[in-house]
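Working through the structure, step by step
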Amino acid sequence: MKRVMLWGLVLAALAAGAWYGLKPATSSADITELAREGRPDPAMVSAQVISQEDLPPAGTRSLFDHLITQHDGLPYPFEKLVKLVQAQHPDGQLPVAVLIPNGRSLLKAQATNAHPRALIAADFELANKTGLAMTPRGQLFMGFVEKANEIEVLSYNEAAGRFEFQLVQNYCAGCVPRIVYARRAICTTCHQGGGPIFPQRPWNETNGQQDTAGAIAAARGNAHPYMSIPLQQPLAMPERFDQLTDQGSFINVTQRLWLDGCGADGNDCRRLMLKLALHYADSPGSFDAAGVDAQRLRELQRRHFPKTGIAVPESDLPNRDPLGERRGLKGWWQGLWTREIKPGEGARDNEDLAAFDKLPKLPVRLDPLTPRVPKQVLTAEDIDGVYGLAALFSESDLRGLGEGSGFDIRRLAAKVDALPDSHFAARPFVRVHFMRALLGREAEYCCLNTVEMSPPVVSGLPPLKIVKQGVLHDFERYCFACHRGNPALRLDFMAGASEDAVLENIRGKTLIRDVLDWERYEGTDKAAALMPPRDSLQYQAMKQAGAEGERARAAMRGAVPGLFGF
């Protein structure tokens, strides 16, 4: 009897061990802890000249900030923001876009089949005309989660040589949105190369796959586009998105090759790298990667190239099939160990790390928090910096440089040789600076000057608390959305850290009294300037409020001293 009991205990132990051993391996990564770790090696030149702070370096801003500033503020709803990006495209094409209902972002628990995460990416270059045009291909990405009222923005800061992580918080009807710079340490736990990331083919998470598209359509109860994005996209759409993220990710590598690959005093190395890049861009077929100049670049790189090499970060996440992983025997087994995410749980914004960490963990291999092995590690024998620099010039740039040098690459190379040595100091490579130098004129450019921009704001600062200045509640409801936190300095006249400071700024903008005087200016040539704009949600809310709306308008006018001149 004892022997039978003993064998029973042994079998039970073996069964329990087998049961536990077959448990799917899930990630133990904790984003809160990871956000405290990991910064670039301070000995690297790139770490010294490319800021790792949350806010952009003084005098620089993200491409997204420039875009919003030049179009007088942030459009709402998201469909209008999509149209803004579309309007920049020379052919008026929609941005590359996909829907992801069950993803891996920090806000993944707020996205559902009925309200999936909407991702868009710019995929165009503008032609240079009188000045230099922007080239946002691979440099502008946005992800909107409607249920979280938040847009995550990743866009390139050309002057700083880095991508900026931004959030548009409180992005909802009747709300006061805030454009802030996110905590980089949080973002780079997943964006481990400091740039864009995206899953690998066949992109089962996206609506490029019929099963996912079908689930979205079924949950929404129709086949109408969501946030301007068709519910079913061809597989070519996530494929192109993947390509754009790869292109964007390599910009950061290019900056490291330009800086770390040549070293702090490697001006000759950088000069030669640029010459070779322009040669390659001019005629890839005739470029000799084993030629004398290429060998000379390798020799110069050997003097300073990091001994550990320069890693090309893995920007591709392993494909995940959220629907398939719940089907069949495998799905049943997975379900025994990993519960489903409940609607509404988890982080509701990018500050709530504790709530995110409480969500069911993904398998280690699929978790974007898991450290990823680099795609490759470049050495001094690699001249990928040449190809990376070449990719930063647009076709229009190259055409202009060709015209200026008689389409003779030797004359263009001579112009590079003639540039002062200071142009090749250890600073981030800025396309516009070199274009101006090689063209020999101060060509205008949309996206470097920050003089007319309001100060950037970092995530985590509390919103304005209104206690004693009651009229600010009216401004908050009808005006703050456009005039508080606007990247355009001229439109950010309701800024201020305290109630008194905000009210003082409002009183200093005497025009407010006139633009709210509907009775006086309706039907005149000034009508188009009346506020709130007639196509805005704020105007609709004021009209719907009836007598209360009229009271608010009168109170706001009364808060501003009256002067003539409108």
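No experiment lies behind these values; they were computed from the predicted model shown.

Glancing now at unusual backbone geometry. Cis geometry marks the peptide bond from Y76 to P77, where omega comes out at 5 degrees. Note that P77 resides in the loop between α4 (63-70) and α5 (78-88). Backbone torsion omega between R201 and P202 reads 5 degrees, so that peptide bond is classified as cis. In this fold, P202 is placed in the loop between β7 (198-199) and α7 (210-220). We note that N170 has phi near 60 degrees; this positive angle belongs to a residue other than glycine. Assessed through its relative accessible area of 36%, N170 is described here as partly exposed.

In this structure, F64, F78, L81, M142, I151, W258 and L274 are the most contacted members of the largest nonpolar core, which totals 89 residues. It is helix α9 (residues 267-282) that provides the largest number of residues to this core, a total of eight residues. Setting aside residues up to four positions removed in sequence, I151 forms contacts with F78, L81, M142, G143, F144, Q166, L167, V168 and Y171. Among the nonpolar cores identified, the runner-up in size contains 25 residues, and I466, F475, L503 and L530 belong to it.

This model, assessed by the stated rule, comprises 16 aromatic pairs. Ring plane angle 55 degrees and centroid distance 5.9 Å describe the contact between F141 and F241, whose orientation is recorded as tilted. Taken together, the residues F141 in strand β3 (residues 140-145) and F241 in helix α8 (residues 236-259) connect sequence positions 100 residues apart. Accessibility expressed as a relative area gives 6% for F141, which makes it buried. Look at F241 and you get buried, because its relative accessible area is 4%. The interplanar angle of 80 degrees and the centroid separation of 6.2 Å between the aromatic rings of F287 and Y387 together place this pair among those described as edge-to-face. A residue pair is termed long-range when its members are at least 10 positions apart, and F287 in the loop between α9 and α10 (292-304) and Y387 in helix α13 (residues 384-391) qualify at 100 residues. With a relative accessible area of 12%, F287 lands in the buried category.

As for its position among the elements, G346 is in the loop between α11 (328-337) and α12 (353-357). Its relative accessible area of 14% is what places G346 among the buried residues. As a C-alpha pair, G346 and L107 span 239 residues in sequence and 7.4 Å in three-dimensional space. Those residues in contact with G346 that lie beyond four places of it in its chain are A109, Q110, D352, A355 and L359.

Rules behind the numbers
- Residues numbered from 1 in each chain as written.
- Predicted model: local features only at pLDDT ≥ 70, side-chain atom pairs only at ≥ 80, totals over all residues.
- Heavy atoms only, no water.
- Helix = DSSP H or I, 4+ residues; strand = E, 2+ residues; numbered from the N terminus.
- Buried < 20%, exposed > 50% of the residue type's maximum accessible area, 1.4 Å probe, protein only.
- Core = buried A, V, L, I, M, F, W, Y, C linked by side-chain atoms within 4.5 Å.
- Contact = heavy atoms within 4.5 Å.
- Phe/Tyr/Trp six-rings, centres within 6.5 Å; stacked < 30°, edge-to-face > 60°.

Read these as geometric descriptors, not functional statements.
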